[in-house]
Amino acid sequence: KLIALLLALVMVFGLFACGKKSTTITTAEAQKIALKEIGMTAEQVDDIHVHATQYEGAPCYQMHITAGDDVFYVYIDQTGKVLHTEK
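Everything numeric in this text was worked out from a predicted model, so none of it was measured.

**Quick word on the packing of aromatic side chains**
- The final tally for this structure, using the stated rule, is 1 aromatic pair.
- Centroid distance Tyr55 to Tyr75: 5.1 Å. Interplanar angle 35 degrees. Geometry classified as tilted. You can see Tyr55 sitting in strand S1 (residues 47-55) and its partner Tyr75 sitting in strand S3 (residues 70-77), a full 20 residues away along the chain.

In structure tokens, the structure reads:
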């Protein structure tokens, strides 16, 4: 009975682990979020550089976006939350 109970627990926890969705966004998704944050489209900017870095100790993406004479820095965590925007 103990073995059957342990096997049942392993199966239940395995199902929960398989059902979890990854919350880490891709760099392409981070770029879209950054563009929305600064109110521009990809066609309106000259260049976008993406760097994996940290913001206040947490891993994130740093977007360096140039549009004409303007330069924007947007920090986005791995879940898609905008942490900081600077012009």
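Okay, back to it.
**With respect to helix H2 (residues 27-38)**
- If you check H2, its first and last C-alpha atoms are 17 Å apart, about what 12 residues at 1.5 Å a residue would give, namely 16 Å.
- Three or more residues of H2 are buried, namely Ala30, Ala34, Leu35 and Ile38. All buried residues of H2 fall inside an arc of 135 degrees around its axis, so they share one side. Those residues of H2 that are exposed and aimed more than 90 degrees away from the buried face are Lys32 and Lys36.
- Packed against the buried residues of H2 are S1, strand S2 (58-67), S3 and strand S4 (82-86).

**As for the pairing of S1**
- Relative to S2, S1 is paired through 9 bridges, and the arrangement is antiparallel. Within the sheet, the bridge partner assigned to Tyr55 lies in S2 and is Ala58.
- Once S1 ends, the chain turns through 2 residues before running back antiparallel as S2, passing Glu56 with a positive phi of about 50 degrees.

Conventions adopted
- Residues numbered from 1 in each chain as written.
- Predicted model: local features only at pLDDT ≥ 70, side-chain atom pairs only at ≥ 80, totals over all residues.
- Heavy atoms only, no water.
- Phe/Tyr/Trp six-rings, centres within 6.5 Å; stacked < 30°, edge-to-face > 60°.
- Helix = DSSP H or I, 4+ residues; strand = E, 2+ residues; numbered from the N terminus.
- Expected span 1.5 Å × (residues − 1).
- Buried < 20%, exposed > 50% of the residue type's maximum accessible area, 1.4 Å probe, protein only.
- Arc of directions from axis to C-beta.
- Contact = heavy atoms within 4.5 Å.
- Pairing = 2+ DSSP bridges.

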